[in-house]
Structures are given as structure tokens and as C-alpha cells.
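Residue-level structure breakdown
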Amino acid sequence: FSLNLAADCNAVLKALQPIFQEQGMTETVHNWEDHGYLVTYIKKNGSFANLRIHPHGLVLVDLQSYNDNMKGREEVDQLLNKVEERMKELFQSKIKRVKRLPAILRGGVIDRYWPTADGRLVEYDIDEVVYDEDSPFQNIKILHSKQFGNILILSGDVNLAESDLAYTQAIMGSGKEDYTGKEVLILGGGDGGILYEIVKLKPKMVTMVASNIDQMVIDGCKKHMRKTCGDVLDNLKGECYQVLIEDCIPVLKRYAKEGRMFDYVINDLTAVPISTSPEEDSTWEFLRLILDLSMKVLKQDGKYFTQGNCINLTDALTLYEEQLSRLYCPVEFSKETVCVPSYMELWVFYTIWKKQTDI
């Protein structure tokens, strides 16, 4: 409850006390002269409530119940309804805002809560754990969402859902490129989505390689993410593609030494780091190394595609753009903002190419 005036903390407490006492809850009151009241109410079954009354006019009620059944939820709703009615009787038109948040289920069999890149907590409509394994590199989860289909989550980060074709299209150039007869290098992409979409476009050859590409990710996705990867992960070699289970850095160095060049390099390894200390963060060092090596195997008229990060992370994105001026060759870039459904946020994608020099 947010009030239009300062709160008489003692009056609020006296008004709400009977509601909790009717539930047989034990009361403990803490008060501070300048900071209001904190009152805890504990029930014999372990359920409890925190009532926080701030003098400036903010009243917070937090209920935690161990009853995860319909009856328990109805009891919580009834108690909150009584609190709301009593507060409206007490303050009438002086209440500026009443906000009731949905219950958070802690310790559930299925974890439904995942943070966005910019630190907001999102509750997904997860109803099934499809796959949950630990590889030598990371934890791999595939969870089913009613809205987004199966979602690949690697070490706590939402990577891609079956709903997220927009991500795959954006990191391929948003339909503006002609891949016919072209040489394409994919860095990362273990979910198979990029490979599946490019193979449809009749390239000459697609090579997919990543830093410690995880065979268990491929195994999980080819079984449980087929709407994303189709059948391209069933075999590591096809008519116009190959998947290398190798560290991408030695592969890139080898290709550069051999003079092998690509029309397109698509980096799906990692997002732009959230850290704003690029000189101290090893992820930034890895990112710069991949950029430099990729430029060495990119044709003069080729294009490099990659994801950035959430549009709200403006400092990190600005730092990334600054790194582009530090590569061994001058480059230019453009960027596009796309809504990725399962991310529940706008995502920035980059196109980078070598700057053309006059002869």
C-alpha cells in the first residue's frame, strides 16, 4: 500500500492486528523511532507473515505459506482481502496505490524463474523438465514452456526456445543475404538452429565449430529441440555441411594459416559481456580474440554476424563497439534490434565488415 500521507504506524498496527490474531498467529513487534514497525506473525504450521510499516506512507505485507494446494492459496487470498479491506476502511481516499504481486513458488520441482540479461526476474510458464544433465562444461536444461515450446538453458542462461526463429533469422542477416553457393563458418550454434536454416538456402559448404562445443548439448537438442534444428544434428556431416567438435580458436588459427576464407562468419558463441571492465574480464579478451581471428578468415567483401545483448545494457554495448576499433584491420558495422520471444526483451544484433580501402 502506498499512501498519500505519512502513516501513523501504531494506528496501522492496531487496525491490522485482529486479522492475523484470528488466524492463531503469534506476534512479534519490532519498532524504531524513525523507521517504523516490523511485525512478524507465525502460525503453528510454519506459515508466516511480515508486516512492514514505514512512516513515510508505505505498508508492505509479505505472506509465506507451506501449503502448496488450492485450499492453502485460498486462505492466503482471504487473509490478503481482509487486510486490503481494512486498509481501505482506515485510509479511504488517502491510498495512492494498492499492488498485489503473484505468489513466488520456492523450492518447486520445476524452476520457473529466470533473470533477464538486465537483471529483471521473469516467471516462465514452465510445466515440464524435458532434459537436465551436467556435462564436463556446464549444466544443460531443456524445459517446456506452454508459450515458447522447449527452451534450452545453459548454466542458468536462457539460450534459445523453439519459438525463437526471430533470433536465428537476425543473426543470419534478417533475410537480406544470399547464401547460395557461399562458404559459411558458424562459431557455436550447438542448438542447430542456424545450421538448419542456412542449409535450406543451398550454400556451398557450412562449417560449424565452437569453443568446447558440447556434445551433450547437441545430443539434447537433436532429441528435444527438433522444431529448431530439424534433422541436421542427426549426423555431423551432410551434403553441404560439417560439424566439428573442436575448440574454435585453434581451428580459426589453422584456417588463417592455410588461407581459407569464408563469405560469412556467424558468431553464436556468447553474448557481449555485461561487465564494464573489458581490460579485466576474460570474456572480453576471448571476444576480441574471436573477432580478430574471424576477420582473418573473412573475405574482403564478406560479413560477420553476431548477437550483442539486451538493448538496456547500453554501457556494455558501447564498450563492444569501441572494441571494434581495436581489431587488426579497420571495420565498419551496423546493428539491428529484434524482439526474441523467450528472452522477453529486445536484443541487439551486429553486422560487421572490413572497411573498403581505396587503391
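Residues numbered from 1 in each chain as written. Predicted model: local features only at pLDDT ≥ 70, side-chain atom pairs only at ≥ 80, totals over all residues. Heavy atoms only, no water.

Let us look at the overall build of the protein chain. Regarding its fold elements, the protein chain presents 9 helices and 19 strands. A compact globule built from 359 residues would reach a C-alpha radius of gyration of about 21 Å, whereas the protein chain, at 27 Å, exceeds it by more than 25%. Seen through its C-alpha atoms, the protein chain measures out along the principal axes to roughly 80 × 45 × 35 Å. When each of the 359 residues of the protein chain is scored for burial, the buried share is 46%. When contacts within the protein chain are restricted to residue pairs at least 6 apart in sequence, long-range pairs at least 24 apart make up 59% of them. Of the accessible surface of the protein chain, which amounts to about 18,600 Å², a share of 49% is contributed by carbon and sulfur atoms. Taken as two groups, the 41 positive and 53 negative side-chain charges of the protein chain have centres that lie 2 Å from each other. (Helix = DSSP H or I, 4+ residues; strand = E, 2+ residues; numbered from the N terminus. Rg over C-alpha atoms; globule rule 2.2 N^0.38 Å. Buried < 20%, exposed > 50% of the residue type's maximum accessible area, 1.4 Å probe, protein only. Contact = heavy atoms within 4.5 Å. Areas by Shrake-Rupley, 256 points an atom, 1.4 Å probe, with all protein chains shown as cover. Lys, Arg positive; Asp, Glu negative; His and termini not counted. Charge placed at Lys NZ, Arg CZ, Asp CG, Glu CD.)

Locating Arg 288 in the fold gives a position in helix 8 (residues 282-297). A polar contact of 2.9 Å, which involves the side chain of Arg 288, links it to the side chain of Gln 323. (Polar contact = N/O pair within 3.5 Å; in protein donor to acceptor, adjacent residues only side chain to side chain.)

Attention now moves to unusual backbone geometry. Non-glycine residue Ser 174 carries a positive phi angle of around 55°. Along the polypeptide, Ser 174 turns up in the loop between helix 3 (165-170) and strand 13 (183-188). Judged by its relative accessible area of 26%, Ser 174 falls in the partly exposed class.

Mapped onto the elements, Leu 236 comes out in the loop between helix 6 (226-229) and strand 15 (241-244). Taking C-alpha positions, Leu 236 is 10.0 Å from Ile 218, a pair spaced 18 residues apart along the chain.

Further remarks concern the UniProt feature "active site" (unreviewed entry) in the protein chain. Here, UniProt's "active site" (unreviewed entry) annotation points to Asp 268. Within the secondary structure, Asp 268 is located in strand 16 (residues 262-268). According to the relative accessible area criterion, Asp 268 is buried, its value standing at 12%. Setting aside anything within four residues of it in sequence, one finds Asp 268 in contact with Tyr 167, Ile 171, Leu 187, Gly 188, Gly 189, Asp 191, Ile 194 and Gln 307. (UniProt positions renumbered as here; feature names shortened; annotations may be inferred.)

This paragraph deals with empty space enclosed by the protein. Scanning the entire structure with this criterion turns up 3 cavities of 30 Å³ or more. Taken as a whole, the largest cavity encloses approximately 170 Å³ of empty space. In terms of lining, the largest cavity is formed by 14 residues, of which the most central are Lys 43, Ser 47, Ser 65, Val 76 and Leu 79. Elements represented by at least two residues in the lining of the largest cavity include exactly strand 5 (58-64) and helix 2 (70-91). The element contributing the most residues to the lining of the largest cavity is helix 2, with 4 residues. For the lining of the largest cavity, the residue count by class is 5 nonpolar, 7 polar and 2 charged. (1 Å grid on protein atoms, 1.4 Å probe; cavity = no way out; pocket = protein on both sides within 12 Å on 5 of 7 lines; lining within 4 Å. Points joined across faces, edges and corners; volume = space filled by probe spheres on them. Nonpolar A, V, L, I, M, F, W, Y, C, P; charged D, E, K, R; others polar.)

What follows deals with the nonpolar core. Counting residues in hydrophobic clusters, the biggest one holds 80 residues, and the most contacted among them are Leu 185, Ile 198, Ile 266, Tyr 304, Tyr 320 and Ile 352. Counting residues per element, this core draws most heavily on helix 8, at 7 residues. Ignoring sequence-local partners within four residues, the contact set of Ile 198 consists of Met 172, Tyr 179, Val 184, Ile 186, Pro 203, Val 206 and Ile 266. Ranked by size, the runner-up nonpolar core spans 22 residues in total, among them Val 12, Tyr 41, Ala 49 and Leu 79. (Core = buried A, V, L, I, M, F, W, Y, C linked by side-chain atoms within 4.5 Å.)

This paragraph deals with the packing of aromatic side chains. Counting across every chain of the model gives 10 aromatic pairs. An angle of 70° between the planes, with centres 6.2 Å apart, marks the rings of Tyr 124 and Phe 148 as edge-to-face. A residue pair is termed long-range when its members are at least 10 positions apart, and Tyr 124 in the loop between strand 8 (121-123) and strand 9 (126-134) and Phe 148 in the loop between strand 10 (139-145) and strand 11 (149-154) qualify at 24 residues. Owing to a relative accessible area of 4%, Tyr 124 belongs among the buried residues under this scheme. Judged by centre distance (5.6 Å) and plane angle (45°), the ring pair of Tyr 255 and Phe 262 falls under tilted. The exposure class assigned to Tyr 255 is buried, which follows from its relative accessible area of 4%. For Phe 262, a relative accessible area of 0% gives the class buried. Here the aromatic cluster, defined as three or more aromatic residues joined through ring pairs, consists of Tyr 167, Tyr 343, Trp 347 and Phe 349. (Phe/Tyr/Trp six-rings, centres within 6.5 Å; stacked < 30°, edge-to-face > 60°.)

With that out of the way, let us pick up the packing of helix 7 (residues 248-258) against helix 8. Interaxial distance between helix 7 and helix 8 falls to 9 Å at its minimum, and their mutual angle equals 30°. The pairing of helix 7 with helix 8 is recorded here as roughly parallel in orientation. The way helix 7 lies across helix 8 gives a crossing that is left-handed. Listed contacts from helix 8 to Cys 248, Ile 249, Leu 252, Lys 253, Tyr 255 and Ala 256 of helix 7 are Phe 286, Leu 289, Ile 290, Leu 293, Ser 294, Lys 296 and Val 297. When the residues that make up the contact of helix 7 with helix 8 are grouped by side-chain class, the tally is 10 nonpolar, 1 polar and 2 charged. (Axes fitted to C-alpha atoms, helices over the stretch in contact; angles between N-to-C directions. Parallel < 35°, antiparallel > 145°, perpendicular 65-115°, else oblique. Left-handed = near helix turned anticlockwise from the far one by under 90°.)

Strand order in this open sheet of 7 strands is 15-14-13-16-17-19-18, and the pairing throughout is mixed. The open sheet terminates on both sides in strands that have one partner only, identified here as strand 15 and strand 18 (331-340). Neighbouring strand axes in the sheet, compared pairwise and without regard to direction, differ in orientation by 15° on average. (Pairing = 2+ DSSP bridges.)

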